[in-house]
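Examining the three-dimensional arrangement
Spelled out from the first residue to the last, the chains are:
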Amino acid sequence: MPNVSASTPNLPHAHADFLKRALARLKEDVRIVGVAAGGSFLTNSIDEFSDVDLVIVVEPHAFEPVMEQRHAIASDLGSLLAAFTGEHVGEPRLLICLYGPPPLHVDLKFVSLDDIADRVENPFVLFERDGRLTAGLGSETPRYPEPDLQWIEDRFWVWVHYAAAKVGRGELMEAYDFLGFIRGQVLGPLALKARGARPSGVRKIEFEAPDLALEMQSTLAAYDSVSCLDAIESAVNMYRRLRDGLTADALVLRREAENASMKYIEEIRALSTSGGGECF
């Protein structure tokens, strides 16, 4: 796994300047075994809108002290405007940073060398000590989590009923949240998987699956109950097509829940168009 200079000509100026400064500082810390870059760095597709995704690999015995000092470490890499940890995305080892000016989003993921083999992609090694990072990465193959079709099917129709109930009550913002959740957790991953791309929410779906991104526009609702119901039904129809195209033989379809949820949508639609209930 080759090393790369932070002055790579394909990098925008802000990204290259940050990497040059950050790598020089991180190399001075003997507790750090190496640094690697992920995300769009791997596909040579970094542009001015890209984040910088860095994996900072730490000596196992020093991992806890480094974790306690990671805000200070981040502050030493540049003009740090704000930073917070990544518990909300299930990754407490992650420090999400904004540097600037100019503003630059940088994700710093601190990982013990003992844990580097457990990963979703092969990061690009920017620097390492004694080849130990490369050796750790070579011990196992990366695995990006695939959508679990049964997990989705077991929940999907409950989610649909919930969304329709929120429309019925007039809580349209809740319905909006549902539709965004479904795009990120269900439709996006399944659409990307169907096109052979990494199923990472709706990331780059306009480029990886443009036809399905166009279809997904029908799940964007205007702020009224009928439009929300139309968008929910569009999400349902898209889910059915994607599910059926990817279905494994062992998938158990929740037909009774599906039928009950779709009937409920029609009941809420009737209330909405008649002006009854809480719909508006």
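Refer to the preceding data block for the structure.
For clarity, every value in this text was computed on a predicted model and none was experimentally measured.

**Topic: the overall build of the protein**
Counting its regular elements, the protein contains 10 helices and 6 strands. Its C-alpha atoms give the protein principal-axis dimensions of roughly 70 × 45 × 35 Å. The long-range share in the protein, meaning contacts at least 24 apart out of those at least 6 apart in sequence, stands at 63%. Side chains of the protein give 28 positive and 42 negative charges; the mean places of these two sets differ by 2 Å.

**As for the side chain of E153**
Looking at the secondary structure, you find E153 in helix 5 (residues 149-169). The exposure class of E153 is buried, given its relative accessible area of 0%. At 2.8 Å, the side chain of E153 and the backbone nitrogen of R254 are in polar contact. When sequence neighbours within four positions are dropped, the list of residues in contact with E153 reads Y239, R243, L251, V252, L253 and R254.

**Quick look at empty space enclosed by the protein**
Scanning the model with the defined rule gives 2 cavities of 30 Å³ or more in all. Taken as a whole, the largest cavity spans an internal volume of roughly 50 Å³. Looking at the largest cavity, the residues that line it are L11, H15, L19, A37, G38, F41, I46, D51, V52, D53 and L54. If you list the elements that add at least two residues to the lining of the largest cavity, you get helix 1 (13-27) and strand 2 (52-58). Residue contributions to the lining of the largest cavity peak at 3 residues, all from strand 2.

What counts and what doesn't
- Residues numbered from 1 in each chain as written.
- Predicted model: local features only at pLDDT ≥ 70, side-chain atom pairs only at ≥ 80, totals over all residues.
- Heavy atoms only, no water.
- Helix = DSSP H or I, 4+ residues; strand = E, 2+ residues; numbered from the N terminus.
- Contact = heavy atoms within 4.5 Å.
- Lys, Arg positive; Asp, Glu negative; His and termini not counted.
- Charge placed at Lys NZ, Arg CZ, Asp CG, Glu CD.
- Buried < 20%, exposed > 50% of the residue type's maximum accessible area, 1.4 Å probe, protein only.
- Polar contact = N/O pair within 3.5 Å; in protein donor to acceptor, adjacent residues only side chain to side chain.
- 1 Å grid on protein atoms, 1.4 Å probe; cavity = no way out; pocket = protein on both sides within 12 Å on 5 of 7 lines; lining within 4 Å.
- Points joined across faces, edges and corners; volume = space filled by probe spheres on them.

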